[in-house]
Amino acid sequence: QVQPVESGGGLVKPGGSLRLSCAASGFTFSSFTMNWYRQAPGKARELVAVITTGGGITKYGDSVKGRFTISRDNGKNTVYLQMNSLKPEDTAVYYCNAVRLHDLYEYDYWGQGTQVTVFS
C-alpha cells in the first residue's frame, strides 16, 4: 500500500516542542519532494514546510519560520518536522505529503494525519 504514515502528534503546552515523523513505504521515497501541511478546524489546508529529494532545499510557511524544522532521512524513508515554541494557533491536524513529477505524471500521496493540540 502506498501511503505515508504520520506519528508523533499529541497534546503540548504553549512554548513546548513536538517532533512529527512520517514513514513512507510503497514508493521510492528518495525521489519525492516531501511536504508537511496542516489544517485547523474551519480553515483551509496550509503548507507548513517543504524539503526537496536530497534535503538540500527547505522552505517554510511564514507562520512557522524560525520555529519549525523539516528534515529527512532517505535511508530510513522518513521525513520529520521538529516543532519548537509551539503556540495555540499551531493546533491542527498535520499531514505528510509526497509529490513527484515524472514523465508528465504527478504522483501525489497523502497520509491520514496526526493531531497536534497546543493548549494552556
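Scroll up to find the structure this text is about.
Engineer: Go over unusual backbone geometry with me, naming the residues and quoting the values.
Structural biologist: Even without being a glycine, Ser 85 presents a positive backbone phi close to 50°. By the secondary structure assignment, Ser 85 is in the loop between strand S8 (78-83) and strand S9 (92-102). Phi is positive for Leu 104, which is not a glycine, with a value near 65°.

Engineer: Describe the packing of aromatic side chains, listing the residues and the values that go with them.
Structural biologist: The final tally for this structure, using the stated rule, is five aromatic pairs. Note on Tyr 37 and Trp 110: the rings are 5.0 Å apart at their centroids and 50° apart in plane angle, and the pair reads as tilted. Within this pair, whereas Tyr 37 is found in strand S4 (residues 33-39), its partner Trp 110 is found in strand S10 (residues 105-110), the two being separated by 73 residues in sequence. Note on Tyr 105 and Tyr 107: the rings are 4.7 Å apart at their centroids and 70° apart in plane angle, and the pair reads as edge-to-face. Site record: aromatic cluster; members linked through ring pairs are Phe 27, Phe 32 and Tyr 109. Above the plane of the ring of Tyr 95 lies Arg 45, whose end atom (NZ or CZ) is 4.2 Å from the centre.

Here is what the cut-offs are and how they apply
Residues numbered from 1 in each chain as written. Predicted model: local features only at pLDDT ≥ 70, side-chain atom pairs only at ≥ 80, totals over all residues. Heavy atoms only, no water. Helix = DSSP H or I, 4+ residues; strand = E, 2+ residues; numbered from the N terminus. Phe/Tyr/Trp six-rings, centres within 6.5 Å; stacked < 30°, edge-to-face > 60°. Lys NZ or Arg CZ within 6 Å of the ring centre and 35° of its normal.

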